[in-house]
Amino acid sequence: MLILGAGINGAAVARELALNRVSVCLVETADVASGTTAYSSRLIHGGLRYLEYRELDLVRESLTERTRLLRLAPQFVRPLRMYIPSAGRWGGMWRVLRNFLGRGDVSAATRPAAPRGALLVRIGLWLYDRYARDPSLPRHTSHRVGQPGTIAVDPRRYRWLSAYYDAQVMYPERLTLAMLEDARRSSHEHGIAFDVLTYHRTELRGEQVEVFDQRGGSEPVLTFQPAAIINATGAWVDETLRRLHVDSRRLIGGIKGSHLLTHSAKLRAALGGDALYVEAPDGRPVFMLPLGDAVLIGTTDIAYEADPAEAVASDEEIDYLIETAGRVLPQAKLNRDDISLHYCGVRPLPHTGGAKRPGAITRRHWLDRNENCPIPLFSVIGGKITTARSLAEETAATVLDAIGRPVRGNTREQVFAGGEDYPASEVEVRRVCEQLATTTGFDLEQVERVWQLLGTRSRNVLAELSAGDRRCIADTVLPCSLARWMIRHEWARTLGDLVERRLMLLYDQRLKTIGLRQLAEVLVEAGALRSEEVEAELAAYQRRLKEHFGRELTS
Ligand SMILES: Cc1cc2nc3c(=O)[nH]c(=O)nc-3n(C[C@H](O)[C@H](O)[C@H](O)COP(=O)(O)OP(=O)(O)OC[C@H]3O[C@@H](n4cnc5c(N)ncnc54)[C@H](O)[C@@H]3O)c2cc1C
């Protein structure tokens, strides 16, 4: 089977197929999880808002997957308490009714929006609790603004607070890599092939597929005839079909969404480890989410037609998010100087030809079978981080059926790599990390940081690394040897791969230019970069950090 695209959906499909003893070749034009998967709000959620659009099945499916991810991927997915502030009790009824009846069309966006009142929020949360049926998470509660133990939102603007639980995945990039590790293990166990080719492109010649290394060579590195092709290229689905020279109607209508990351201590303190789900003046939902020692604020919803890889948060989006945060928590006095970085991703939503407001377009997923290709070809439309596993299960069943192969199993109970033998509580995690620090000789802070990236796999990886060079990437707590390990085991080939999607240093304020240079040297040692290319690579990568994320490294 050929899978195109190593975002969360492509990786989840690879995992599901490998478990079904199907050999997989996964081809990615850039890096694993370098598309939309890296730029989400990082919530594992049922999607409270979808209730308003009558997407009841989607909410139910998402909540089931949330429960499953909390259990099977505890190293990455954690419960998160969310607060929704409301100004009044009754507001928003008509708007919600209109949306529920499917009348929330484009023209509705031009009318002023009445904020949703506390009563409406409570009805939604009551339904949400009923659908979730998750005994591991507390049910929703209601509070008056100012009640001790709740978030101190602006009392001049809000009177009520509703609290409920969802979940958060700090690094969807690492969850994607864990899925690929699972696929690798299953393939190994069943003695079948599993290849991940990043920075490669595919051409279709009749029933043959040719795979080329994007970094050079006019000859294909691989030629084969797949039983089927799964186009899991997200916001690039139409472009991928065009490049394969396969006729298709337009499938995707990209909607971009931006986030800010701030290390503002005042904002962090105001949230106190909980999250806020607020309504912006235009009625859009905006999240303020704790993320490690920072706060993530997002998002926007803007139709987007250009290359998704080029999407960047605009000044207007940044101002909109800062202003929305300021309306709710004015005491944090958030301003532009507080912003550590921003990012922007394009949602791979179904094409509606502009008939619907971005917020009203369904977040459901489905498969489109293309009849114009000599090989069975399926494209994935839509999908969320939350539902990647269930999407993969459905995809595998459909594709296996199309090629006359049986479904042998599914991943409903498969623990994600690094979640095996997971300690039962945070206290236990700390105890295990302390033990690991003693046995491997790494500092506790180092062990805990590696644990965030690898979960229980840290045991073997740190034991392996403890025998060698213990130097850290300058000013950070991560050992350089971990970067070497990630190049060997996790397909990392560039500075961006290491910083943004393996070591997650993009979000670490301690990363400096000297650390970046050390990583470039590690890439040289590994043969992924030539020494004469180092200066140009460093300059190009710092340019990307500035232009793409608004982040400037100090020396
Ligand atoms: C602003 C925003 C907020 C979001 N928040 C949430 C959230 O909180 N919770 C949630 O569950 N979901 C959320 N989502 C949705 C979720 O992030 C996406 O739906 C999901 O990441 C899509 O994954 P994917 O694998 O389909 O696409 P991608 O991650 O984009 O992966 C597609 C991959 O295909 C590659 N590719 C492109 N062309 C080719 C080709 N020709 N051949 C091979 N590879 C190719 C790309 O490089 C890319 O790596 C959010 C999305 C956005 C934009």
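What you see is a predicted model, and the numbers here were worked out from it, not measured in a lab. (Residues numbered from 1 in each chain as written. Predicted model: local features only at pLDDT ≥ 70, side-chain atom pairs only at ≥ 80, totals over all residues. Heavy atoms only, no water.)

Q: Explain the packing of aromatic side chains to me, and be specific about the residues and the numbers.
A: The full count for this structure, using the stated rule, is six aromatic pairs. Taking the centre distance of 4.7 Å and the plane angle of 45° together, the rings of Tyr 277 and Phe 287 count as tilted. Of the two residues, Tyr 277 sits in strand E13 (residues 275–279) while Phe 287 sits in strand E14 (residues 285–291), which places them ten residues apart along the sequence. As far as burial versus exposure is concerned, Tyr 277 and Phe 287 are alike and both buried. An aromatic cluster is built from Tyr 39, Tyr 343 and Phe 549, whose rings are joined through pairwise contacts. For the cation-ring pair, Arg 201 lies above Phe 212, with the distance from its terminal atom to the ring centre recorded as 4.5 Å. (Phe/Tyr/Trp six-rings, centres within 6.5 Å; stacked < 30°, edge-to-face > 60°. Helix = DSSP H or I, 4+ residues; strand = E, 2+ residues; numbered from the N terminus. Buried < 20%, exposed > 50% of the residue type's maximum accessible area, 1.4 Å probe, protein only. Lys NZ or Arg CZ within 6 Å of the ring centre and 35° of its normal.)

Q: Which residues make up the sheet that holds strand E9 (residues 208–213), and what values go with them?
A: Spatially, E8-E9-E10 is the arrangement adopted by the three strands of the open sheet, whose pairing is antiparallel. In this open sheet, the two edge strands, each paired with only one partner strand, are strand E8 (200–205) and strand E10 (222–224). Across the sheet, the mean angle separating the axes of adjacent strands is 20° when strand polarity is ignored. Note: E8 against E9, six bridges, orientation antiparallel. Each residue of the ladder has a partner; that of Leu 204, found in E9, is Val 209. (Pairing = 2+ DSSP bridges. Axes fitted to C-alpha atoms, helices over the stretch in contact; angles between N-to-C directions.)

Q: Can you lay out the sheet that holds strand E19 (residues 377–382) for me, pointing to particular residues and giving the numbers?
A: Ordered in space as E7-E2-E1-E11-E19-E18, the six strands form an open sheet in which the pairing is mixed. On the outer flanks of this sheet lie strand E7 (194–198) and strand E18 (365–370), each paired with one strand and no other. The mean inter-strand angle of the sheet, taken between neighbouring strand axes irrespective of direction, is 20°. Judged from the six bridges that link them, E18 and E19 form a sheet pairing that is antiparallel. Residue pairing in the sheet places Trp 366 in a bridge with Ile 381 of E19. Sitting on the sheet, helix H10 (residues 388–402) is in contact with strand E11 (229–231), E18 and E19, with an inclination near 25° to E18. (Contact = heavy atoms within 4.5 Å.)

Q: So what about the side chain of Ser 40? Which residues, and what values?
A: Along the chain, Ser 40 falls in the loop between strand E2 (24–28) and strand E3 (43–44). Within the structure, Ser 40 has its side chain in polar contact with the backbone nitrogen of Arg 42 (distance 2.9 Å). Not counting residues within four places of it along the chain, the set of residues in contact with Ser 40 comprises Pro 172, His 259, Leu 296, Tyr 343 and Ile 385. (Polar contact = N/O pair within 3.5 Å; in protein donor to acceptor, adjacent residues only side chain to side chain.)

Q: Got a sec to walk through the nonpolar core? Specific residues and values, please.
A: Met 82, Leu 482, Leu 498, Leu 503 and Leu 519 are the most contacted members of the largest nonpolar core, which has 74 residues in total. Top contributing element to this core by residue count: helix H14 (residues 480–489), with six residues. When sequence neighbours within four positions are dropped, the list of residues in contact with Leu 482 reads Val 450, Leu 453, Leu 454, Val 461, Leu 465 and Leu 503. The next biggest cluster of nonpolar side chains, apart from the first, holds 48 residues, and it includes Ile 8, Leu 70, Val 380 and Ile 385. (Core = buried A, V, L, I, M, F, W, Y, C linked by side-chain atoms within 4.5 Å.)

Q: Describe unusual backbone geometry, naming the residues involved and giving the relevant values.
A: Residue Gly 298 is joined to Thr 299 through a cis peptide bond whose omega torsion reads 20°. Residue position: Thr 299 is located in the loop between strand E15 (294–298) and strand E16 (302–303). Backbone geometry places Arg 21, a non-glycine residue, at a positive phi of 60°. Considering the arrangement of structural elements, one finds Arg 21 in the loop between helix H1 (8–19) and E2. Phi at Asp 421 takes a positive value of approximately 45°, unusual for a residue other than glycine.

It is worth stressing that arrangement in space is one thing and function is another; only the former is reported here.
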